[in-house]
Amino acid sequence: MSKIIRTQKPSVLPFYAMALVFVVLCAVLPVYKLWALLVALGVELAWCKARGVSYGVFIRFAALAVPLTLLCSRLLFVLAESTYYLTTLSNPALALRFWDGGYSLVGALLGMLLAAWAAEKLLRVPRRLLMDGLALALPAGILVERLCETGTGMGMGKTIALLFLGVEDTFTGEWVHPVYLYEAALAGIIGLGLLVWVLRRRGDTGAPGDLCGLFLLFFGVTQIVMECLRNDLHMVVHFVPVQ
């Protein structure tokens, strides 16, 4: 039986904080990235309701997750592209222009996980309850984000010999691996697989953190393969291929 988590009546402050952050996100993020974030939060909300977690706990988690996701995503992108800002542009201050675009998926995942960990500590939620919910929420967000990259020229891979399996790179005119579609499919498989596993066990996720650990394991393994197919220069120069 799911444990009921009770908290005091929610303060209006998290609502105002979220409203302000979402206004900023709408101004700086591509629409499809905003959709992905909303889908992930929606799945996490469904998880919280199924586990008896109050809405007050979720809204506080979301108030942490939105800014931390944006911050960590941008920060990891800037670190990966440090050569571009330091050498090519010779102006590191341009890294602060977050409205110009440039966000890391892995950084976004780290931001969500950090928000869940902090919310559990601050709100005294049972250990790893929110983080286990992200094992289902994050694959859903990745699926939406990657599918919406269709036609943007992003997520392209190396050239492919079997043209019928590839897509045309709008920048080079070459036929390449559609890595963004591979990642969307893998995210869907991982998320669906974990959901079926939870349902077959009638909601029992094992020890706290097991579900989140399984997601991180599967995601990490598949990303190693996906990054090897990518054709992004900063992925070759820096640390991402060896994650």
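Everything quoted here is computed from the prediction, not taken from an experiment.

1. Here's the deal with a nonpolar patch on the surface
Line of reasoning, step 1. Residues Leu192, Leu195, Val196 and Leu199 make up a contiguous nonpolar surface patch of about 360 Å² in total accessible area.
Line of reasoning, step 2. Relative to the helices and strands, leucine 192 resides in helix α7 (residues 179-200).

2. Some points on the confidence of the model for the chain
Line of reasoning, step 1. Per-residue confidence for the chain averages 80 on the pLDDT scale, and 79% of its residues sit at or above 70.
Line of reasoning, step 2. Considering only residues more than four positions removed or in separate chains, one finds that residues 234-243, a stretch of pLDDT under 50, has 17 contacts.

3. Remarks on the side chain of histidine 177
Line of reasoning, step 1. Tracing the chain through its elements places histidine 177 in strand β3 (residues 175-178).
Line of reasoning, step 2. On the basis of relative accessible area, histidine 177 is assigned to the buried category, the value being 17%.

4. Looking at the packing of aromatic side chains
Geometry of an aromatic ring pair is reported as the spacing of the ring centres plus the angle between the planes.
Line of reasoning, step 1. Applying the stated rule across the entire model yields three aromatic pairs.
Line of reasoning, step 2. When the centroid spacing of 6.3 Å and the interplanar angle of 50 degrees are considered together, the rings of phenylalanine 58 and phenylalanine 61 count as tilted. Of the two residues, phenylalanine 58 and phenylalanine 61 are both situated in helix α3 (residues 55-80); the distance of three residues between them amounts to about one turn of the helix.
Line of reasoning, step 3. Residues phenylalanine 215 and phenylalanine 219 carry aromatic rings whose centres are separated by 5.6 Å and whose planes lie at 25 degrees to one another, so their mutual orientation is stacked. In this pair, phenylalanine 215 and phenylalanine 219 both sit in helix α8 (residues 210-229), four residues apart, roughly one turn of the helix.
Line of reasoning, step 4. Overall, the relative accessible area of 2% leaves phenylalanine 215 in the buried class.
Line of reasoning, step 5. What makes phenylalanine 219 buried here is its relative accessible area of 11%.
Line of reasoning, step 6. Here a set of aromatic residues connected by ring pairs shows up, and it is made of Tyr55, Phe58 and Phe61.

5. Re unusual backbone geometry
Line of reasoning, step 1. Even without glycine at this site, arginine 124 takes up a positive phi of about 55 degrees.
Line of reasoning, step 2. Tracing the backbone through its elements, the reader meets arginine 124 in the loop between α5 (105-123) and α6 (129-147).
Line of reasoning, step 3. Arginine 124 gets classed as exposed once you look at its relative accessible area, which sits at 76%.
Line of reasoning, step 4. The phi dihedral of arginine 128 is positive, around 70 degrees, even though this residue is not glycine.

6. Observations concerning empty space enclosed by the protein
Line of reasoning, step 1. For the structure on display, the rule yields one cavity of 30 Å³ or more.
Line of reasoning, step 2. What the largest cavity holds in volume is close to 70 Å³.
Line of reasoning, step 3. Lining the largest cavity we find Pro139, Ile142, Glu183, Leu186, Ala187, Ile190, Phe215, Phe219, Thr222, Gln223 and Met226.
Line of reasoning, step 4. The dominant element in the lining of the largest cavity, judged by the number of residues it contributes, is α8, at five residues.
Line of reasoning, step 5. Classifying every residue of the lining of the largest cavity by side-chain character gives eight nonpolar, two polar and one charged.

Conventions used here
Residues numbered from 1 in each chain as written. Predicted model: local features only at pLDDT ≥ 70, side-chain atom pairs only at ≥ 80, totals over all residues. Heavy atoms only, no water. Patch = residues over 30% accessible without salt bridge, like charges linked within 9 Å, V, L, I, M, F, W, Y side chains within 5 Å. Areas by Shrake-Rupley, 256 points an atom, 1.4 Å probe, with all protein chains shown as cover. Salt bridge = Lys/Arg side-chain N within 4 Å of Asp/Glu carboxyl O. Helix = DSSP H or I, 4+ residues; strand = E, 2+ residues; numbered from the N terminus. pLDDT = per-residue confidence, 0-100. Contact = heavy atoms within 4.5 Å. Buried < 20%, exposed > 50% of the residue type's maximum accessible area, 1.4 Å probe, protein only. Phe/Tyr/Trp six-rings, centres within 6.5 Å; stacked < 30°, edge-to-face > 60°. 1 Å grid on protein atoms, 1.4 Å probe; cavity = no way out; pocket = protein on both sides within 12 Å on 5 of 7 lines; lining within 4 Å. Points joined across faces, edges and corners; volume = space filled by probe spheres on them. Nonpolar A, V, L, I, M, F, W, Y, C, P; charged D, E, K, R; others polar.

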